[in-house]
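Notes for the structure review
So you can see what is in the structure, the chains are spelled out below.
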Amino acid sequence: MYVRDAKNRDEVWLLDRIEEADIDDPAFRSRDYVIALDEETSRKAGFGRIRVHKTDEGEFCELAFVYTLAEWRQQGVGAHVMERLVDEASDEGYETVYTFTRQPSYFTPFGFEPREVTDLPAPVEERLEAVRETRGDDVIAMAVNAADFDVPETFRERFKNASPADEPEEGDNVEETAEDFGIDPSEATYKYDTGS
């Protein structure tokens, strides 16, 4: 598994997954996304995005969302998408990365900590209020110093061995039968047409 920047050719796939996940991204640009893929099959497993907010009072970076496809969940995919996004934010000069969530326990293993509204810079507080208007009053602000972000080793191990839940395990190969192809074996008179 690995995580790479999204390419233009990923745009349709991203838009379809965003719609399926019921994610609101009014400023969609495929180049803002990263995608997790299986190295052997190039099958996409998840994606995420950071969003830079530029205001008159300053800039801040938001981990806008991380999404893992159902068949890839619980395998460290989201953790590595997050890691790539926080690294990109750090590379762009953002020391702190914020996120707004109703599930703080998802983010705390990586170093994110809840922030009181009174401790937020004004632009971050305004963003939190906007998010609460659309997603509910139980959304909280969390932040991590980019240098302190860490992926627990257990997530790294899961990611190394990730495979989709919808693929059969080795040894689970099921032999195909005539019925699988719509053939009624009691009615078939010969197996192959030899042309004679």
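Residues numbered from 1 in each chain as written. Predicted model: local features only at pLDDT ≥ 70, side-chain atom pairs only at ≥ 80, totals over all residues. Heavy atoms only, no water.

Let's talk about the confidence of the model for the chain
With 85% of its residues at a pLDDT of 70 or more, the chain shows a mean pLDDT of 84. Mean pLDDT values for the elements of the chain range from 85 in helix α5 (residues 153–160) up to 95 in strand β6 (residues 113–115). Note on residues 168–175: pLDDT is under 50 here. Beyond four places in sequence and across chains, it has 1 contact. (pLDDT = per-residue confidence, 0-100. Helix = DSSP H or I, 4+ residues; strand = E, 2+ residues; numbered from the N terminus. Contact = heavy atoms within 4.5 Å.)

Quick word on the sheet that holds strand β1 (residues 2–5)
The strands making up a sheet are joined through hydrogen bonds of the backbone, oriented either antiparallel or parallel. Pairing within the open sheet is mixed, and its 7 strands lie in the order β1-β2-β3-β4-β5-β7-β6. The sheet is open, and its two borders are formed by β1 and β6, each paired with just one other strand. When the angles between neighbouring strand axes are averaged without regard to direction, this sheet yields 30°. Both strand β5 (residues 96–101) and strand β7 (residues 140–145) contribute to a ladder of 6 bridges, which runs antiparallel. (Pairing = 2+ DSSP bridges. Axes fitted to C-alpha atoms, helices over the stretch in contact; angles between N-to-C directions.)

A few points about helix α4 (residues 122–135)
Helix length check: α4 (14 residues) gives 20 Å between terminal C-alpha atoms against 20 Å at 1.5 Å per residue, within 8%. Phi turns positive, to about 115°, at glycine 136, one or two residues after α4. (Expected span 1.5 Å × (residues − 1).)

Notes on the packing of helix α2 (residues 77–91) against α5
Direction vectors running N to C along α2 and α5 enclose 110°, while the axes themselves pass 8 Å from each other. When the interaxial angle is binned, α2 and α5 end up roughly perpendicular. Counting all contacts with α2, which are made through Val77, Ala79, His80 and Glu83, the residues of α5 involved are Phe155, Arg156 and Phe159. Considering only residue class, the contact of α2 with α5 consists of 4 nonpolar, 1 polar and 2 charged. (Parallel < 35°, antiparallel > 145°, perpendicular 65-115°, else oblique. Nonpolar A, V, L, I, M, F, W, Y, C, P; charged D, E, K, R; others polar.)

Description of the side chain of threonine 99
Turning to its location among the elements, threonine 99 is positioned in strand β5. Classification of threonine 99 by relative accessible area gives buried; the value is 2%. Here leucine 63 takes part through its backbone oxygen, which lies 3.0 Å from a polar atom of the side chain of threonine 99. (Buried < 20%, exposed > 50% of the residue type's maximum accessible area, 1.4 Å probe, protein only. Polar contact = N/O pair within 3.5 Å; in protein donor to acceptor, adjacent residues only side chain to side chain.)

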